[in-house]
Amino acid sequence: MFGATIKGMLAHKLRLFLTATSIALGVAFLAGTLMLNDSMQRAFDDVFGSVNSGTDVAVRAEAGAVKTEDPDDSRPPLPAKVIDVVRGVDGVAVAEGSVRGYALLTDSHGKPIQPQGAPTLGGNLASDPGMRGDITLRTGRAPQRPGEVAIDASSAKNGDLAVGSTTRILFRGAPEKYTVVGTVGYAGEDDLGGSTSAYFDLATAQRVLGKQAVYDSISVKAGDGVSDSTLAKRVDAALPRGMEALTGQAVADEASAAVKKGLGFLSIALEGFAGIALFVGSFIIWNTFSMQVAQRTRELALFRAIGATRRQVMRTILAEAVVLGLVASAIGIVLGLGMAKALSALMTTFGFVLPTASLRIQPSTVLVGFLVGTLVTVVAAVAPARRATRVLPVEALRDAAPTATQFSHTRLGLGLALAAGGVGALLWGLFGSGTPLLIPGGVVGVVFGVTILAPMIVLPMASVIGAPLKGAGVSGELARENAMRNPKRTASTAMALVIGLTMVAAVTVFGSSLKSSFSDVLTSSVKAELYVLTPTPNAEGFSPEVTKVVQGVDGVDVVSASGFGAANFDGKAGSFTSIDPTTADQAFDLGMVDGKAADLKDGGVLVYDKTAKTKGWKVGDVVSTAFPRQGSAALRIDGMYDDKGFVNADYVISLGTHDKYVPDRLESTDMVVVDNGADVDAVEQRIDDALATHPDATVMNQQEFEGALGGFIDQLLSLVTVMLLLAVLIALLGIVNTLALSVFERTRELGLLRAVGMTRAQVRAMVRWESVVISVIGALIGAALGIGLGIALTRALADQGIEKVAVPGVQLALYVLAAAVAGVLAAIGPARRASKVDVLRAVVTE
Amino acid sequence: MTIIETRAGTHSAAHARAVTKAYGEGEARVLALDDVSVDIESGRFTAIMGPSGSGKSTLLHVLAGLDRPTSGEVYIGDTEISGMTDKQLTLLRRDKIGFIFQSFNLLPTLTAQENIVLPLKIAGRKPDPLWVQSIVETVGLGPRLKHKPAELSGGQQQRVAAARALASKPAIVFADEPTGALDSKSGADLLGFLQHAVKELDQTVVMVTHDPVAACYADRVVFLTDGDVVDEMLSPSSDEVLEHMKHLGA
């Protein structure tokens, strides 16, 4: 039987090729994203391992109550004199203090070297080379005196800097000029997980990073014969309260875990994409197998007729599925390598540089690829195989006639129940108290529900969409009939497209709502004419020095600075915006419900009205707050506000309070009100000139600000859209599959049409129009679901300042149009095949 | 070589001149048609008969432009078709020729009515309502016109096919074993209809059959053996045809 299986598979090369391609593409997407994810994570393990490899024991302050993304952000610095305590511990060979902070390098043209998302680090390089671990000097030497800096090899390359070059470095305080004396690498890598690094001698680092007489941590080298863990315990015992000592390895693991957690959203996104791709792939595999088995009814009936049992037939089909699944998965895993590289390149193109030196293939990736690919194939084969074994030999000889389409009540009921349950779960997850996991769960429920209902929907849809085709002559009319003849097949083909388009449409709706809400905020609650911001949205902020520079510009009336940060309020992690209470009213409108913005004192807080109502707070109440480094504070409520548009946080504090608890904070936005009657453009130009020495900030008017943010949103959206388009691409392959197999199935019909005078061009048009009808059905259902999902997401975030819902009709219409065009493209191959049907062989009955 | 001349007073709807059709090469070469010349008269019902493998179906396909002769010339009316391109042949079939095959004549997605006017639709021509009406009435399908083929009996399906073949007023209708899959009653109905179309509606029909009973509906029977025309018979009766077939060693 097995020999017959292989022979049977090879006998239909096209069919085999189409099925294998759909499996391989699904697996490739899955494997590619997994590989990318693994490589990213491993890259961080390596980086932190190498940085900490020279440290046997690390001493640092205990973490504060506030959990921040980077655990080091929540630790206050250590007094410098603690190092003497550490040096006195038995078994300590060397102990060196280190500091770190914000330092933005500029390139040879004075432009900031701003990484995408990763921090811009400044610090000191250990003076004992043995303590630098895998941080090695690639060229030059370590910085030894003020005015010298060593930088990471990536920054040197990107900024066109080398030993001997001069670079201006921006700090929280005034910028300074440095001479590059060395470049460093980290084992094999050129940078620390995408961030930029500037190394100074210890005294300089302490001065420019605002860490006089303190260290962020102390690194210890153990003497001979002392194990790291023993020494860590000894040092820990000797330390004053509030400080701890742990092994270098533990610190590395912690840092790596923190970064991975920070990257978690990316991993989830990648896994989400893989899931979508696999889902789409399963549809196609399912569809292709069903049609394949249906077409082989005669062959299978012959097996039955010559004495094969049902079980044997079943086993033949399943064996075929297993062989096909294994081979195609293997191809898919190999293709996944390319997919991972392509995805990485894609992210880079869109400005998200991932730290992946080389692709890593985990055995688990290979296993998952094989398992998923094969399993999906086998599962997809079971239902059609069962149907095939029930076929009586007599039936097999009949011609394939369209069966009357009858849908059971079970289908309707199950479909409606799943869709309704999905919508319910989605809404509960978004608006209710349900866990966020309900959101993807709900989406999957809706998709399954719609999948079950789809055969019922496609009939009227094909009828309506195909209606204009009646005018396109007989080809159009027949295409419409063909799309309607097997609603289940049309539905499952279209559904593959639905999934991708739902996501694309949801993202589009969400993005345009975001943009529209943002420009609404700018026009309704902001009174300032100009904004000073960081040049890219990825930067941490700009130095408060910038605010002073802008204040001095001729024609500037008021500069109202603002900052942003995280803290625990009333025991719950949250974020705050800091404002200048004396000028805030002139720059923007907080929509004060109770009190005035000017009432905000240092040590006070303004609370978002809704939050205050929920908590039952009144003006004068005290909110217990914990800032990451400096610990707890009791903030008195000075007022409530209603307009979250600009501040985008539940709590507003004064810049003074912010400074007190976060001394090295950066500014996020300066709102600039120009003098009455001054020419705004001229003032903007003058600010721009004044900021020539401060490339960490840039000035924009309202339109430019809107454009810049819109551009950033668009960029994010296009990245997501491009990735989702890969899923759409797989879906198109499914349409090619369905059409190719339909053409094969309808050979005799096509021959008849050709015999009674249909030209090849007309035959091609017929197949093409059918493809267009299927694609447009998929696109329309997808757009409808996507609009719903997008609106739900947007409404759920209304509290976050996304108050407007915008459905970009033109863009969505373009997607549907693009789907129609894609349908035409998908039909090229099958249409050619259809037009080449041999008339005689098709119509002559042997 | 046998040449059968067109009789006075009629003109040729189709004719073949020295047509040869060979399959395969060298040793394996098989002659399906061996230097055949034949005239199909306009306005008459011609049957082509012969034992299995005599080449009768091949002759029909070559005459109808569905297949190309290896050598020789084929004319539909006065038009030489053996050198035509695929596109020209398609248009010729569409405008000048009607077809009835042994089975699978109808598109399963279309109703009987839609199947009947399909060739006209393909050509982008408006059906002549009176003509289509008269055909449909003669075929006797009135109440079943809105049905899909799957809901029609075999005999009804073949009658729809016959109506389809005649709907565009073709110069000639080719029928390839049209009764081959029908019971005798349905077969007789269909043949009666074809006979009526020739006599009353002035159509031209060429039919390949191996059934002497079917052949006797024709005005003329052409006998083929081993790829060549060997004889013909006018206004035949089934006994005569049967007798003749025996002589041919069928």
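Residues numbered from 1 in each chain as written. Chains lettered and ligands numbered in written order. Predicted model: local features only at pLDDT ≥ 70, side-chain atom pairs only at ≥ 80, totals over all residues.

Undergrad: Now, about the overall build of chain B: what can you tell me, with residues and values included?
TA: From N to C terminus, chain B includes 9 helices and 10 strands. When the backbone C-alpha atoms are referred to their principal axes, chain B occupies close to 50 × 45 × 40 Å. Within the span of chain B, comprising 250 residues, buried residues form 47% of the whole. (Helix = DSSP H or I, 4+ residues; strand = E, 2+ residues; numbered from the N terminus. Buried ≥ 20, exposed ≤ 12 C-beta atoms within 10 Å, placed from the backbone.)

Undergrad: Requested: an account of the overall build of chain A, with residues and values cited.
TA: In terms of helices and strands, chain A carries 27 helices and 24 strands. Across its three principal directions, the C-alpha atoms of chain A cover 100 × 75 × 50 Å. Partitioning the contacts of chain A with sequence separation of at least 6, the portion at a separation of at least 24 is 83%. (Contact = placed C-beta atoms within 7 Å.)

Undergrad: A description of the pairing of strand β11 (residues 196–200) of chain A should follow, citing residues and the corresponding values.
TA: All names here are of chain A. Most of β11 sits out of view: 5 of its 5 residues are buried. Here β11 shows two buried faces, one formed by T196, A198 and F200 and the other by S197 and Y199. With 5 bridges joining them, strand β6 (residues 120–124) and β11 adopt parallel strand pairing. When the sheet's bridge partners are listed, G122 is paired in β11 with A198. Note: strand β8 (residues 148–152) against β11, 2 bridges, orientation antiparallel. Bridge pairing in β11 links I151 to A198. (Pairing = 2+ DSSP bridges.)

Undergrad: So what about the interface of chain A and chain B? Which residues, and what values?
TA: Tallying the contact residues gives 22 residues for chain A and 24 residues for chain B. Breaking the side of chain A that touches chain B down by element, the ones donating at least two residues are α15 (474–485), α23 (747–755) and α27 (839–843) of chain A. At 5 residues, α23 of chain A tops the list of elements feeding residues into the side of chain A that touches chain B.

Undergrad: So what's going on with the nonpolar core? Which residues, and what values?
TA: The biggest cluster of nonpolar side chains holds 322 residues, and the ones touching the most others in it are A277, V280, V652, V672 and I777 of chain A together with L194 of chain B. Ranked by residue count, the leading element in this core is helix α2 (residues 13–51) of chain A, at 19 residues. Every residue in contact with V672 of chain A, bar those within four places of it in the chain, is listed here: A528, E529, L530, Y531, V532, V550, V556, V559 and I687 of chain A. (Core = buried A, V, L, I, M, F, W, Y, C linked by C-beta atoms within 7 Å.)

Undergrad: An account of α2 of chain A is requested, with residue identities and associated values reported.
TA: For α2 of chain A, which comprises 39 residues, the first-to-last C-alpha distance of 54 Å matches the rise-based estimate of 57 Å (1.5 Å per residue) to within 8%. Among the 39 residues that make up α2 of chain A, 30 are buried, leaving the element largely enclosed by the rest of the structure. (Expected span 1.5 Å × (residues − 1).)

Undergrad: Give me the lowdown on the packing of helix α13 (residues 409–431) of chain A against helix α24 (residues 760–796) of chain A, citing residues and values where you can.
TA: All names here are of chain A. Contact geometry for α13 and α24: axes closest at 9 Å, N-to-C directions at 25°. Overall, the two elements α13 and α24 adopt an arrangement that is roughly parallel. As for how α13 packs across α24, the hand of that crossing is right-handed. Counted together, L426, L427, L430 and F431 of α13 and A792, L793 and A796 of α24 form the full contact between these two elements. Of the residues belonging to the contact of α13 with α24, the class tally is 7 nonpolar, no polar and no charged. (Axes fitted to C-alpha atoms, helices over the stretch in contact; angles between N-to-C directions. Parallel < 35°, antiparallel > 145°, perpendicular 65-115°, else oblique. Left-handed = near helix turned anticlockwise from the far one by under 90°. Nonpolar A, V, L, I, M, F, W, Y, C, P; charged D, E, K, R; others polar.)

Undergrad: How would you summarise the packing of helix α16 (residues 487–525) of chain A against α24 of chain A if you had to cite specific residues and measurements?
TA: Residues and elements named next belong to chain A. Between α16 and α24, the least distance of the axes is 5 Å, while the angle of their chain directions is 35°. Like other packed secondary-structure pairs, α16 and α24 cross with a definite hand, here right-handed. Residue classes in the contact of α16 with α24 are distributed as 21 nonpolar, 12 polar and no charged.

Undergrad: Got a sec to walk through the sheet that holds strand β4 (residues 71–76) of chain B? Specific residues and values, please.
TA: All names here are of chain B. Here 4 strands make up an open sheet; going across it, the order is β2-β1-β4-β5 and the pairing antiparallel. If you trace the sheet from one side to the other, it starts and ends with β2 (30–41) and β5 (79–80), each paired once. As defined by bridge partners, strand β1 (residues 12–23) adjoins β4 across 5 bridges and the pair is classed as antiparallel. Looking at β4, one finds that A14 is bridged to I76. In this fold helix α1 (residues 56–63) packs onto β1, β2 and β4, with an angle of close to 120° to the strand it touches most, β1.

Undergrad: So, the sheet that holds strand β8 (residues 205–209) of chain B: which residues are in play, and what are the values?
TA: All names here are of chain B. With mixed pairing, the 6 strands of this open sheet are ordered in space as β6-β7-β8-β3-β9-β10. Of all the strands in the sheet, the pair left with one neighbour each is β6 (97–100) and β10 (228–234). Sheet twist, expressed as the mean angle between neighbouring strand axes with direction ignored, is 20°. Strand direction decides the pairing type here: strand β9 (residues 220–225) and β10, joined by 6 bridges, are antiparallel. Bridging from a neighbouring strand, F223 pairs with D231 of β10. On the sheet, helix α9 (residues 238–247) packs against β3 (45–49), β9 and β10 and is oriented at approximately 155° with respect to β10.

Undergrad: Describe the confidence of the model for chain B, and please don't skip the residues or the numbers.
TA: Residue and element names in this part refer to chain B. Across chain B, the average pLDDT comes to 86, with 95% of residues at or above 70. Every residue in residues 1–9 is under pLDDT 50, and counting partners more than four places away or in other chains gives 14 contacts. Scoring the predicted complex yields pTM 0.76 and, for the interface, ipTM 0.87. (pLDDT = per-residue confidence, 0-100.)

Undergrad: Please provide a residue-by-residue account of the confidence of the model for chain A, values included.
TA: Here chain A shows a mean pLDDT of 83. Residues at 70 or above account for 92%. Element-level mean pLDDT values for chain A span from 55 in helix α12 (residues 393–397) of chain A up to 94 in β8 of chain A.

Undergrad: Let's hear about the environment of V379 of chain A: which residues, and what values?
TA: Residue and element names in this part refer to chain A. Secondary-structure assignment places V379 in helix α11 (residues 363–389). Of the residues examined, V379 has 15 C-beta atoms within 10 Å and is grouped as partly exposed. Along the chain, V379 and L270 lie 109 residues apart, while their C-alpha atoms are 25 Å from each other.

Undergrad: Outline the pairing of strand β13 (residues 217–222) of chain A, supporting the account with residue identities and numerical values.
TA: All names here are of chain A. With 5 of 6 residues buried, β13 lies mostly within the body of the structure. With 6 bridges joining them, strand β3 (residues 92–98) and β13 adopt antiparallel strand pairing. If you follow V94 over to β13, its bridge partner there is K221.

Undergrad: Give a description of unusual backbone geometry that names residues and reports values.
TA: Excluding glycine, most residues fall at negative phi; most peptide bonds, likewise, are trans. All names here are of chain B. Positive phi, close to 60°, is recorded for D202, a residue that is not glycine. With respect to the helices and strands, the residue D202 is situated in the loop between α7 (184–201) and β8. C-beta crowding within 10 Å serves as the criterion here: with 10 such atoms nearby, D202 is assigned to the exposed category. The phi angle at S235 is positive, at roughly 40°, despite the residue not being glycine. Among the residues examined, S235 registers 10 C-beta atoms within 10 Å and is labelled exposed.

Undergrad: An account of the environment of R75 of chain A is requested, with residue identities and associated values reported.
TA: Tracing the backbone shows R75 of chain A in the loop between β1 (57–61) and β2 (78–79). Remark: the alpha-carbon pair of R75 of chain A and S513 of chain A, spanning 438 residues in sequence, is separated by 38 Å.

Undergrad: Pulling in residues and values, what's your account of the environment of E96 of chain A?
TA: All names here are of chain A. Residue placement: E96 occurs in strand β3. The class of E96 is buried, set by 22 C-beta atoms lying within 10 Å. Each C-alpha atom of the pair E96 and T55 lies 9.9 Å from the other, and the pair is 41 residues apart in sequence. When sequence neighbours within four positions are dropped, the list of residues in contact with E96 reads A126, S127, D128, M131, I218 and S219.

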